[in-house]
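Structural characterization, general
The primary structure of each chain is shown beneath.
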Amino acid sequence: MDGALIGISRVDGTSVGVYSFLKYIESLMDRYDLTEEAAISFYENSLFPLKIDENYPIFVDDTGV
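Residues numbered from 1 in each chain as written. Predicted model: local features only at pLDDT ≥ 70, side-chain atom pairs only at ≥ 80, totals over all residues. Heavy atoms only, no water.

**A closer look at the nonpolar core**
Counting eleven residues, the largest nonpolar core consists of Ala4, Tyr19, Phe21, Tyr24, Ile25, Leu28, Ala39, Tyr43, Leu47, Tyr56 and Phe59. Aside from chain neighbours lying at most four places away, what touches Ala39 is Ile25, Leu28, Met29 and Leu34. (Core = buried A, V, L, I, M, F, W, Y, C linked by side-chain atoms within 4.5 Å. Buried < 20%, exposed > 50% of the residue type's maximum accessible area, 1.4 Å probe, protein only. Contact = heavy atoms within 4.5 Å.)

Shown next as structure tokens:
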């Protein structure tokens, strides 16, 4: 999901990707032919629960809400 990458966070010698939530959802929609609702559901149920360590990517909530 390179198109959603907006930067890198470097803290205490660890570097992780920082992604735009909106661009990531759009990438899921395009790549897997999903609706917006299905892409958000995929993120919430498959990716978000995997936040287990400091190497997990950071997603910036850029929805404006």
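There is more to say, and it comes next.
**Some details on unusual backbone geometry**
Despite not being glycine, Asp12 shows a phi value in the positive range, around 50 degrees. Mapped onto the elements, Asp12 comes out in the loop between strand S1 (5–11) and strand S2 (14–20). Unusually for a residue other than glycine, Asp33 sits at a positive phi of about 55 degrees. Inspection of the secondary structure puts Asp33 in the loop between helix H1 (21–32) and helix H2 (36–47). A residue is classified by how much of its surface remains accessible, and Asp33, at 71% relative accessible area, is exposed. (Helix = DSSP H or I, 4+ residues; strand = E, 2+ residues; numbered from the N terminus.)

**Regarding H1**
Over its twelve residues, H1 runs 16 Å from end to end, which matches the ideal 16 Å to within 8%, given 1.5 Å per residue. Within H1, burial applies to Phe21, Tyr24, Ile25, Ser27 and Leu28. For H1, the angular spread of buried residues about the axis comes to 155 degrees, placing them on one side. In this structure, the buried side of H1 is in contact with S2, H2 and strand S3 (58–60). Following H1 by one or two positions, Asp33 adopts a phi angle in the positive range, close to 55 degrees. (Expected span 1.5 Å × (residues − 1). Arc of directions from axis to C-beta.)

**Quick word on the packing of aromatic side chains**
Applying the stated criterion across every chain yields a total of seven aromatic pairs. Look at Tyr24 and Phe59: their rings are 4.9 Å apart centre to centre, the planes differ by 75 degrees, and that puts the pair in the edge-to-face class. Highlighted residues: Tyr24 in helix H1 and Phe59 in strand S3, separated in sequence by 35 residues. Take Tyr24: its relative accessible area is 10%, and that puts it in the buried class. In this structure an aromatic cluster arises from ring pairing among Tyr19, Phe21, Tyr24, Tyr43, Tyr56 and Phe59. (Phe/Tyr/Trp six-rings, centres within 6.5 Å; stacked < 30°, edge-to-face > 60°.)

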